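An overview of the molecular structure
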Amino acid sequence: MSKQCINIHCKSKNDSKLFPVQQSICSYYNVRYKPYYRVCKECMTKNIAYSDARSKKMKSIKCVNEVNNHSNIIQLSDSDDSNTVNYGAGPSTVNLNPRMTKLSVLINTSCNNCDKSLLKTENEESDIHLIPESSKLIAGRNKINNLMKELDNDLSTFYDYDLSKLYNKFYNFDNQQKFIFDEKESIEDYFELEKIEDNDEANISTKLYPGPEVLPEEGILKRRLLKSSDKVFGMNYSLMHPWIEATIKSAVSDSCFNIIFGDGEETTLNITNLAYINTKSNAQYPVGCRVIAKLQDNNIKSTNGFFVGIIAEPPKYLNNFRYLIFFDNGYTQYVHHQDIRLVCGESTNVSDDVHENVREFVKVYLSFYPERSMLRFNKKQVVRAVLDKKWYLAEVSKLDASLVQLKFLDIKNKQIKEWIYRGSDRLGPIYVQANNSNTNKRVRGTMSVNIDKILNRPYIELENLNENKNNINIANSDNTPNNNRRVSARLKQKAGKENCVIKIIEIPRNCPKPFPYENHQCSDSCMLRVQYNYSQTKNMNVLSIPLHFGFKRIITKSKYPKSRKVIYTTPCGYKIYNEYEMYDYLKKTGYHNNQMTIDLFNFDYLVNPLSFLSVPNEFIRIHDISCKLEFKTISVANNLNDLVPENVKYIIKRKTTPGVNLNLNLKLLCGCDCTDNCEDKTKCFCWQLTYKGPKNYPKMSEDPIVGYNYRRLYAPVHTGIFECNDNCKCMKTCLNRVVQEPLKNSLQMFLTQNKGWGVRTLADIPKGGFVSIFVGELRTEKIAESICAVNGDEYLADLDFLKTVEEIKDGYESCVPEENENSTSSSDDDRNPGLTIKNKKTMSKSKMSLKKNLPSTKANDKHQLCNTNTQHKFDSKHISVLKYLDEDCGVYSLDAKARGNIGRYFNHSCDPNMFVQNVFVDTHDLRFPWVAYFALSHIPAGDELTWNYNYAIGSVKNKKLKCYCGSKNCKGRLL
């Protein structure tokens, strides 16, 4: 039985009651009849109304085809499918109901006795109605054919190629390709060893791996009961040593058995220390399952034995359909299904069966599964990692799914490479996050970006193994359930816009128009007649302002979108093709006096200055939430219910609170002496403060354009932007005065489906355009912590500019290996890399680095291995500047809970359309930057404005926040 309505555009809820369909309903929705199809009440009512309307037309002797069928569903099916049952062919002649037979006869008799003239009239009316429609279709077909011929001619001319040859190749079926399947190969033939130059390691080169067909289906794993004379694997010495084949002698109890090893030694073992000897399994091994598996190393022959561990990752396409296993001896390895044996029994809490060295690590891992924090690497990146209980710098050599091979750099006279699990706290960033999560008590929003990602350094990301659980079909690699969730979220996101319309503004006829161009020298007289007045632009789209004052904007036509260009015509008729020419024109025509700035113009053909989102008045709840404090009004719309935002005091400047020493004395500010609107960046002191910042840090000075470019910011400047201030001699139209300007964009608050209040733009915003600032109450870290404990922390963000810049510096210096007298490597017998493996073969297996004495037992019968859950102290080489400035205050925070501006309502998105920039305007104290939002890309009218909150997922212990952004790359979680 179908569980959804046959109308694919049905808007009823998923739990709506469904009814069996009739032939007429299927015809109405253009769907082939199936007896198991169902329809909801709302869609069935539409069909009934349609049938009633046709009946009325029929009774009044009018054409029934004049009744519009609003259904636009077309069901595609394979007509060659011989197995398809034609349910629409008519009723079955088997076991007919006598009443139905009698009813059918009555209906046929009535139809035969009806008025023949009525049917004749109906046919004539239908012909009159359908002939014009048929003519339109034929004309449309001919028009399309002509356009296709023109397109073919143009393509043939452009590429100098006869398209008829190409079409012949497309539609030539004479020489069909024959597919010949290779002969079946055994599992052992899929791998072949190849020697490589790097030491004496082995590298796996594989033929095309057969994939999931060699795996059993997912399901409930069943363990069979053991009996006497059964062959098993048994623990010989300890959980750290390989298990040996044995035979069950007798049963002591349901869970204990007497066994005999091959050398005749007899012992009693619990079923948690026994494993089945055969490879047959009725289902895949689930995560957390106790198994033994082959632990192989190229240097030790005897390690081709079975060691005990737990399944940490299921087989999937991304790991070449292998299981990731955490072994009790501290190592990690990918293993194929045929190399694994199931342990005969396990405790309710499987971590109790694991060796104490790795028990805590396994317990934490399983408690958070399927989510796990992993370090994202690229080749040649450098990271701090633990070796011999010391921190070293290591370079990424190779990657294999959840494993990374590191080459330790600063060890004298020895080259050491190891494979490490990417979620191990032997890696510096993972260790730091794990320790911070134990101290952070609140959500720490940050106004900075992920600096590690920007600087191409390893960074932490949250992985959810369930998202790719069924991602085995290579031809259809998109995760369908996840895509459905994202599509659904996007539909919900657009729910607030469904009653709105994008309109094109018409320029009033009384506005000045450009004069026909006459050869002349442009001067201030060219702009005098337009009488530009900034106060008159309050209700205009910011980019449409020039069009109201004598300018004209056109887009050249081209077959190729990238070839389209924007051309402005000035009031004097002069044509301008780029920002440089426009800026030069504004200077010549009195740029200083008319106040028309360069950011009112845009040369991106995708941007439409006249597009505007029109919202019906009945949905407007508040006309201006800023209470006229902003230059532009900010309305509040709600088409979902009657709610209005909570009462918040609107402010346009940040406010200090007790304990915050914000000194705004102008004498402490540096200013420039520019009189050219700071056009010459080499002479402007403020520009130089911005420009020199990235030069002091690695990988930050590659972009030739740093900071504003004609009052737009196309990329963030992580070392901050220093704008001109009240101590500068430049005018307000200066190219280095942007965020201090009043709000220019037309914004609107609206209620989203599941994210609370959000903000959308009513007009197009070009890439790099300034949107708004974020203001609130400045608080010290201690006061912010105490207030958040009572009022929550959803509107609070840290001003961590200094911390971010220090991280850049710290990362730069960490890339320089230091000579350390104590950093010499110990011998192989003493080196115990916890949770490590060496690469044996790329592309398929990653094998462990084992000690040469691994199978042996020391005098005290204790195998010395590093604990998987390493707890080594991480010593940073840098002391934060904040310790010298404000040791007690820490990082200051902006709290917009009670007082704030429109910036407090911007929602999060994993694919944002804005980025955050730290800007210094009224002070050069690096602890107190302004927080500004800029467009990351072109933002069309009606789109919600979003930015990345940059929460560190997992940073706050026992706290999770779901993400509802609905973007393509949505992580599913904010925290």
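Given the structure is predicted, the values throughout are model-derived calculations rather than measurements.

What counts, and where the lines are drawn
- Residues numbered from 1 in each chain as written.
- Predicted model: local features only at pLDDT ≥ 70, side-chain atom pairs only at ≥ 80, totals over all residues.
- Heavy atoms only, no water.
- Helix = DSSP H or I, 4+ residues; strand = E, 2+ residues; numbered from the N terminus.
- Buried < 20%, exposed > 50% of the residue type's maximum accessible area, 1.4 Å probe, protein only.
- Contact = heavy atoms within 4.5 Å.
- Areas by Shrake-Rupley, 256 points an atom, 1.4 Å probe, with all protein chains shown as cover.
- Pairing = 2+ DSSP bridges.
- Salt bridge = Lys/Arg side-chain N within 4 Å of Asp/Glu carboxyl O.
- Axes fitted to C-alpha atoms, helices over the stretch in contact; angles between N-to-C directions.
- pLDDT = per-residue confidence, 0-100.
- Phe/Tyr/Trp six-rings, centres within 6.5 Å; stacked < 30°, edge-to-face > 60°.
- Arc of directions from axis to C-beta.
- Polar contact = N/O pair within 3.5 Å; in protein donor to acceptor, adjacent residues only side chain to side chain.
- Expected span 1.5 Å × (residues − 1).
- Patch = residues over 30% accessible without salt bridge, like charges linked within 9 Å, V, L, I, M, F, W, Y side chains within 5 Å.
- Disulfide = S-S within 2.5 Å.

**Quick word on the overall build of the chain**
Looking only at helices and strands, the chain has 17 helices and 43 strands in total. Relative to its full complement of 975 residues, the chain shows a buried share of 46%. Excluding contacts between residues fewer than 6 apart, the proportion of contacts in the chain whose partners are at least 24 apart in sequence is 67%. Approximately 53,200 Å² of the chain is accessible, and the part contributed by carbon and sulfur atoms is 51%.

**Thoughts on the sheet that holds strand β42 (residues 930-935)**
Ordered by their spatial adjacency, four strands build an open sheet running β31-β41-β42-β34, and the pairing between neighbours is mixed. Looking along the sheet, the strands with just one partner apiece sit at the ends: β31 (721-722) and β34 (770-774). Here four bridges tie β34 to β42, and the two strands are oriented antiparallel to one another. Following the sheet pairing, phenylalanine 774 is matched in β42 by valine 931.

**Points about the pattern of salt bridges**
Tallying each qualifying case throughout the model produces 26 salt bridges. Note that aspartate 230 is salt-bridged to arginine 224, the shortest N-O span being 3.5 Å. Accessibility expressed as a relative area gives 37% for arginine 224, which makes it partly exposed. Overlapping salt bridges, with partners in common, bring together Asp599, Arg711, Glu741 and Lys744 in one network.

**Looking at the sheet that holds strand β32 (residues 747-751)**
By way of backbone hydrogen bonds, the strands of a sheet pair with one another, either parallel or antiparallel. Judged by pairing direction, the sheet is mixed, and its four strands sit side by side in the order β27-β28-β32-β33 without closing on themselves. Two strands in the sheet have a free side with no partner beyond their single neighbour: β27 (620-622) and β33 (757-761). Within the sheet, the average angular offset between the axes of one strand and its neighbour, ignoring direction, is 40°. One ladder, built from five bridges, connects β32 with β33; its direction is antiparallel. Residue methionine 749 lies in a different strand from β33, and its bridge partner there is valine 759.

**Notes on the environment of arginine 376**
When you line up the elements, arginine 376 lands in strand β15 (residues 371-376). Each C-alpha atom of the pair arginine 376 and glycine 423 lies 9.5 Å from the other, and the pair is 47 residues apart in sequence. Not counting residues within four places of it along the chain, the set of residues in contact with arginine 376 comprises Gln381, Arg422, Pro458, Tyr459 and Glu461.

**Quick word on the confidence of the model for the chain**
Counting all residues, the mean pLDDT for the chain is 77, and 71% of those residues have values of 70 or more. Contacts for the low-pLDDT stretch residues 173-210, under 50 throughout, to residues beyond four places or in other chains number 56 contacts. Scored below 50 in pLDDT, residues 469-495 makes 31 contacts in the model with residues more than four places away or belonging to other chains.

**Here we look at the packing of aromatic side chains**
The geometry of two aromatic rings is summed up by the distance between their centres and the angle between their planes. Inspection of every chain in the model, using the stated rule, returns 32 aromatic pairs. The interplanar angle of 40° and the centroid separation of 6.1 Å between the aromatic rings of tyrosine 708 and phenylalanine 934 together place this pair among those described as tilted. Here phenylalanine 934 lies in strand β42 and tyrosine 708 lies in the loop between α14 (685-695) and β31, a separation of 226 residues in the sequence. Given a relative accessible area of 1%, tyrosine 708 falls into the buried group.

**Brief notes about helix α12 (residues 579-588)**
By the burial criterion, the buried members of α12 are Glu579, Met582, Tyr583, Tyr585 and Leu586. End-on view of α12: buried residues confined to an arc of 160°, all on one side of the axis. The opening residue of α12, the one whose side-chain oxygen lies 3.2 Å from the backbone nitrogen of tyrosine 580, is asparagine 578. The positive-phi residue at the C-terminal boundary of α12 is glycine 590, with phi of around 90°.

**Let's talk about helix α6 (residues 356-368)**
Look at α6: 19 Å from first C-alpha to last across 13 residues, which is about the 18 Å you get at 1.5 Å a residue. Taken together, the buried positions of α6 are Asn357, Val358, Phe361, Val362 and Tyr365.

**Points about unusual backbone geometry**
Across residues other than glycine, the phi torsion is negative in most instances, and most of the peptide bonds are trans. Geometrically, the link from tyrosine 369 to proline 370 is a cis peptide bond, its omega value of 15° lying close to zero. In this fold, proline 370 is placed in the loop between α6 and β15. Even without glycine at this site, asparagine 677 takes up a positive phi of about 60°. Looking at the element boundaries, asparagine 677 is found in the loop between β30 (655-656) and α14. The exposure class assigned to asparagine 677 is buried, which follows from its relative accessible area of 2%.

**Description of the environment of arginine 509**
Inspection of the secondary structure assignment puts arginine 509 in the loop between β22 (501-504) and α10 (525-528). Here the alpha-carbon distance between arginine 509 and histidine 548, two residues 39 residues apart in the chain, equals 9.6 Å.

**A short note on a nonpolar patch on the surface**
A cluster of nonpolar residues, Ile144, Met148, Leu151 and Leu155, forms a patch on the protein surface that exposes about 340 Å² of accessible area. As for its placement among the helices and strands, leucine 155 is situated in helix α4 (residues 116-159). The class for leucine 155 is partly exposed, based on a relative accessible area of 30%.

**Some details on the pairing of β32**
β32 sits mainly inside the fold: five of its five residues count as buried. A two-sided burial pattern is seen for β32, the buried positions comprising Leu747, Met749 and Leu751 on one face and Gln748 and Phe750 on the other.

**Digging into the state of the cysteines**
For the structure shown, the criterion picks out zero disulfides. Residue cysteine 40 stays outside any disulfide, its sulfur separated by 3.4 Å from that of cysteine 43, the closest cysteine. Overall, the relative accessible area of 1% leaves cysteine 40 in the buried class. Summary of cysteine pairing: cysteine 670 is not part of a disulfide, and the nearest cysteine sulfur, belonging to cysteine 686, is at 8.0 Å.

**Quick look at the side chain of aspartate 328**
Mapped onto the elements of the fold, aspartate 328 is located in the loop between β12 (323-327) and β13 (332-335). Residue classification places aspartate 328 among the buried positions, given a relative accessible area of 1%. Once residues within four sequence positions are removed from consideration, aspartate 328 is found in contact with Leu239, Met240, Arg290, Val308, Gly309, Asp353, Val354, His355 and Val358.

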